[in-house]
Amino acid sequence: MAEQQGFAHTEFLVDTRWLAEHLQDRDLCVVDCDVPQQYQRAHIPSSVFTEDHYQKDPDTDRVHIMRPDAFAQMAQSLGIGDDTLVIGYDNSRGLYAGRL
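Now for a description of the structure that goes with this document.

Conventions we followed
- Residues numbered from 1 in each chain as written.
- Predicted model: local features only at pLDDT ≥ 70, side-chain atom pairs only at ≥ 80, totals over all residues.
- Heavy atoms only, no water.
- Helix = DSSP H or I, 4+ residues; strand = E, 2+ residues; numbered from the N terminus.
- Buried < 20%, exposed > 50% of the residue type's maximum accessible area, 1.4 Å probe, protein only.
- Contact = heavy atoms within 4.5 Å.
- Arc of directions from axis to C-beta.
- Disulfide = S-S within 2.5 Å.
- Core = buried A, V, L, I, M, F, W, Y, C linked by side-chain atoms within 4.5 Å.
- Pairing = 2+ DSSP bridges.
- Lys, Arg positive; Asp, Glu negative; His and termini not counted.
- Salt bridge = Lys/Arg side-chain N within 4 Å of Asp/Glu carboxyl O.
- Polar contact = N/O pair within 3.5 Å; in protein donor to acceptor, adjacent residues only side chain to side chain.

**Some words on the overall build of the protein chain**
Turning to step 1, where the next piece is worked out: For the protein chain, the helix and strand inventory stands at four helices and three strands.
Turning to step 2, where the next piece is worked out: Each helix and strand of the protein chain, ordered N terminal to C terminal, gives the series α-β-α-β-α-β-α.
Turning to step 3, where the next piece is worked out: Burial status across the protein chain gives 25% buried among its 100 residues.
Turning to step 4, where the next piece is worked out: In the protein chain, 49% of the contacts between residues at least 6 apart in sequence involve partners at least 24 apart.

Given below as structure tokens:
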């Protein structure tokens, strides 16, 4: 189905069946990338969310330009390590998940 919608790299996508089968995997982190109100309304069980879905640089407040060390610290705070498979999702057609 993803191929039919024109996604360039379908190998980076998972479907709900795959996620349901792997949700309890120890090396998996599901990140809800939407705004906190959406997360509180409905989210995938055991998912985590980022406080600021823009991943701003805390020193300059520039959107989408987080320093590597700051990104690593943010990822670690979510339980993401070097060997973690990260699944990001949102309710905005992938806009926020793509930023992550």
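**Considerations on helix H3 (residues 68-77)**
Turning to step 1, where the next piece is worked out: Among all positions of H3, only Ala70, Met74 and Ala75 are buried. Looking straight down H3, one finds its buried side chains confined to an arc of 135°; they lie on one side. Of the exposed residues in H3, the ones pointing more than 90 degrees away from its buried face are Pro68, Gln73 and Gln76.

**Considerations on the state of the cysteines**
Turning to step 1, where the next piece is worked out: In the structure shown here, the tally under the stated rule is zero disulfides.
Turning to step 2, where the next piece is worked out: Cys33 provides the cysteine sulfur closest to Cys29, a residue in no disulfide bond, and the two sulfurs are 9.6 Å apart.
Turning to step 3, where the next piece is worked out: Classification of Cys29 as buried rests on a relative accessible area of 8%.
Turning to step 4, where the next piece is worked out: Assessed through its relative accessible area of 2%, Cys33 is described here as buried.

**Things to note about the nonpolar core**
Turning to step 1, where the next piece is worked out: Counting nine residues, the largest nonpolar core is built from Cys29, Val31, Cys33, Met74, Ala75, Leu78, Ile80, Tyr96 and Ala97.
Turning to step 2, where the next piece is worked out: For this core, the elements supplying multiple residues, two or more each, are strand E1 (28-32), H3 and helix H4 (95-99).
Turning to step 3, where the next piece is worked out: Once residues lying within four places of it in the same chain are set aside, the contact partners of Leu78 are Cys29, Val31, Val48, Phe49 and Thr50.
Turning to step 4, where the next piece is worked out: Counting residues in each nonpolar core, the second largest holds six residues, with Leu19, Leu28, Ile87 and Tyr89 among its members.

**What about the sheet that holds E1?**
Turning to step 1, where the next piece is worked out: Taken in spatial order, the three strands make up an open sheet running E2-E1-E3, and their pairing is parallel. Of all the strands in the sheet, the pair left with one neighbour each is strand E2 (48-49) and strand E3 (85-89).
Turning to step 2, where the next piece is worked out: With five bridges joining them, E1 and E3 adopt parallel strand pairing. From the neighbouring strand, Val31 faces E3, where its bridge partner is Gly88.

**Concerning the side chain of Asp32**
Turning to step 1, where the next piece is worked out: Mapped onto the elements, Asp32 comes out in strand E1.
Turning to step 2, where the next piece is worked out: Arg41 provides the closest opposite charge to the buried, unpaired Asp32, separated from it by 8.5 Å.
Turning to step 3, where the next piece is worked out: Among the polar contacts listed, one links the side chain of Asp32 to the backbone nitrogen of Asp34, at a separation of 3.0 Å.
Turning to step 4, where the next piece is worked out: One polar contact links Asp32 to Tyr89, side chain to side chain, over a distance of 2.9 Å.
Turning to step 5, where the next piece is worked out: Setting aside residues up to four positions removed in sequence, Asp32 forms contacts with Tyr39, Ala42, His43, Ser47, Val48, Phe49, Thr50 and Tyr89.

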